[in-house]
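Observations on the three-dimensional arrangement
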Amino acid sequence: MFDTIRNAYSWYRDPYGFLDQRIGQGIYDFKVDLPGSNGAMFVGTPDLVEEVARNKDLSGGTGLRFVQPFTGPRALIVIAGDEHRNRRRPIQQMFYQTENQQMMELTEKYFDLGARDLKPDEPFSILEFYEQITLRTIIDFVLGVNEPEHEQILRLLQQWLQSFESPLWLFLKPLQQDLGSLTPWGRFLRGRSAVSRWISDRLESTPANSASVLGHLIAKRDNGNLRISNEDLVWQCIELLLFGHDTAACGSAWVTMHLLDNSMMQSPNLESPAYREACIKEAMRCTPMVIHVTREAVADTRVGGQSVRKGQKVFPCAYLAQHHRDYYEHPEAFDPNRFLNGNSPDRYAWFPFGIGSRICVGMPFATEQMKILLQRTLELGRLEKLTIGKTTPVRKFIIMAPKDGGLVRYRSFN
Ligand code: HEM
């Protein structure tokens, strides 16, 4: 019991540090007692990660019940089997286009809007700057709204998002008490209802096949190619709005902070698109925002020769695999060359977007968006960081972000 509490505290307070302790001992796969995990198994050796990805007794979705208050009980990330496959297909069609013109135009538009408020020499959080851009982009992309609806739903979402900035009660069920709008959980529930009511009204007035994910899903449903209720459509939009902005913003913030930490912001190499892409991949290797994915044993099984009982959780862990000394020389160093000149890591040694059939449905969308954000940031002016030493990673909801959102300022090129 004491060990479980100590592990939980250390894992909650400093997840990278918790894993670094094992990495320092050359341990990449281990079992540990964490609350609610029935004895979790972390897996960071790429061969074992592949074994987990292929093991049919280890199911995705079911182990993620804790996200249901945010995404609803039938969101893509929590459903499994045929229902998951059928729902995923039409969503993937919208997010897997490599040249996603609409996303590119929206990202550029909202970058310009945000950049108008930046003043030379004034401190700002690079993460907050990117979040505004990615949130506005995903709102238009998913819901197909224009002014003034855009501002309405933006405000409702921002109010809701602020209500769960501290993730502690997310993991502690007893704190999930609705004691009115003055309590965190009460504020959370009211914020969620306001967002879902707004989307539900929007659903009524969205024509099938209008230029948005929602319009596309309605068309698929009307053609009989997707079975989904109105209520689940609303939840589906909420899931995409939540996962579709914070992650890409945070990924971009990490790229910027790694470049600043390593005094590489002025490097002429950054003029090359291939080099910029390598920087993005390397940042996602060093500081994967989603530390691990989750699989739950639906039957007794084995991983790496060790028994895993039904109900136990297995965590294929991007942070462990991406810092494995047999796969990366000096894994602690930020080195984009790992992804250049034909170099690319083993498939299961780099997986910031997850593995197998549940790999992130927004991966190409987010990757392209991060490329635009980096390029536009470099054009903005000479960026400087305002903190001393290497940027500290901190928990932000369920992802890892730079401390204080990465405090920076820029000096104009003129
Ligand atoms: C850099 C940006 C992103 C990162 C690092 C990231 C990471 C991940 C990871 C690791 C998973 C797998 C979770 C699991 O196996 O349990 C995942 C799933 C998912 N992501 Fe992303 N994501 C990003 C951007 C996005 C965007 C832009 C969207 C918007 C569509 C999105 C929507 C989703 C959804 C809906 C799932 C569930 C997929 C499924 O279960 O089939 N993500 N993401």
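As a starting point, this report considers the structure included with it. (Residues numbered from 1 in each chain as written. Predicted model: local features only at pLDDT ≥ 70, side-chain atom pairs only at ≥ 80, totals over all residues.)

1. As for the overall build of the protein
A count of helices and strands for the protein gives 15 helices and 12 strands. The C-alpha radius of gyration of the protein comes to 21 Å, within 12% of the 22 Å expected for a compact globule of 414 residues. Out of the 414 residues belonging to the protein, those deemed buried represent 37%. Partitioning the intrachain contacts of the protein with sequence separation of at least 6 by distance along the chain shows that 71% fall at a separation of at least 24. (Helix = DSSP H or I, 4+ residues; strand = E, 2+ residues; numbered from the N terminus. Rg over C-alpha atoms; globule rule 2.2 N^0.38 Å. Buried ≥ 20, exposed ≤ 12 C-beta atoms within 10 Å, placed from the backbone. Contact = placed C-beta atoms within 7 Å.)

2. A closer look at unusual backbone geometry
Between E147 and the following residue, P148, the backbone shows a cis peptide bond with an omega angle of -5°. One can find P148 in the loop between α7 (126–143) and α8 (149–162). Positive phi values are uncommon outside glycine, yet S263 reaches one of about 50°. Secondary-structure assignment places S263 in the loop between α12 (230–261) and α13 (273–286). Positive phi, close to 55°, is recorded for N341, a residue that is not glycine.

3. What about the sheet that holds strand β9 (residues 382–385)?
As summarised here, the arrangement of the 3 strands in space is β4-β12-β9, forming an open sheet in which the pairing is antiparallel. This sheet does not close on itself; its edge strands, each paired only once, are β4 (124–125) and β9. Of the strand pairs in this sheet, β9 and strand β12 (residues 407–411) are connected by 4 bridges, and their pairing is antiparallel. Across the sheet, residue L383 finds its bridge partner in β12, namely Y410. (Pairing = 2+ DSSP bridges.)

4. Here's the deal with the site of the ligand
The environment of the ligand is made up of 25 residues, and the closest members are G244, T247, G354, C360 and G362. For the shell around the ligand, the element with the highest residue contribution is α12, accounting for 7 residues. Of the residues belonging to the shell around the ligand, the class tally is 15 nonpolar, 7 polar and 3 charged. (Near = placed C-beta within 6 Å. Nonpolar A, V, L, I, M, F, W, Y, C, P; charged D, E, K, R; others polar.)

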